[in-house]
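# Residue-level structure breakdown
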Amino acid sequence: MQDSDSQDGDLSSVEGAAKSTLHHLHIYATKHNTHITLTKPDRGALISVSCGNIGFRKAGRGTYDAAYQLAAYVMSRIQDKGLLADIRQLQVVFRGFGPGRQAVTKAILGSEGRNIRDKIVMLSDATRLKFGGTRSPAPRRLG
């Protein structure tokens, strides 16, 4: 009986250890902008930038190209700050359905993400979906 109890304790400690070393790369892609945040295992932000921070203004922030350049910029910042050595495991968390979602994926799979790609152990989606809720506003009718 004690052996199984001790095994359960060991198992939970392994899961806890794995979760405690997991860095997070949050990608929040809206129709108008893309935000990328790299966080420590305790959820403290290390790098937090959006398309506006790298020089895109107004409608330019919501484009695929802006999000791709943002992802490339974040990858280079991770390398420049020497954070690659600290990151053993990385969880990528997507939120939203903007053009930045696909752009960041392509950047990670491309040459920009070659150093960080092998550290990714989990992908998740934190997009908020509405179940019922309040009625949506009527779509605009122009013309």
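Residues numbered from 1 in each chain as written. Predicted model: local features only at pLDDT ≥ 70, side-chain atom pairs only at ≥ 80, totals over all residues. Heavy atoms only, no water.

Under an unreviewed UniProt entry, the protein has the name Small ribosomal subunit protein uS11m and belongs to Lepidopterella palustris CBS 459.81. Under Sequence similarities (unreviewed entry), UniProt gives the following word-for-word description of the protein: "Belongs to the universal ribosomal protein uS11 family." (UniProt positions renumbered as here; feature names shortened; annotations may be inferred.)

## Section: helix H3 (residues 99-109)
Those residues of H3 not exposed but buried are Gly 100, Ala 103, Val 104, Ala 107 and Ile 108. Projection of H3 onto a plane perpendicular to its axis shows the buried side chains occupying an angular sector of 135°, all on one side. (Buried < 20%, exposed > 50% of the residue type's maximum accessible area, 1.4 Å probe, protein only. Helix = DSSP H or I, 4+ residues; strand = E, 2+ residues; numbered from the N terminus. Arc of directions from axis to C-beta.)

## So, the pairing of strand S2 (residues 34-39)
Judged by how many residues are buried, S2 sits mostly within the fold: five of six residues are covered. Pairing analysis gives six bridges linking strand S1 (residues 22-29) to S2, with the strands arranged antiparallel. Looking at S2, one finds that His 26 is bridged to Thr 37. The antiparallel pairing of S1 with S2 creates a hairpin that spans four residues between the two strands. (Pairing = 2+ DSSP bridges.)

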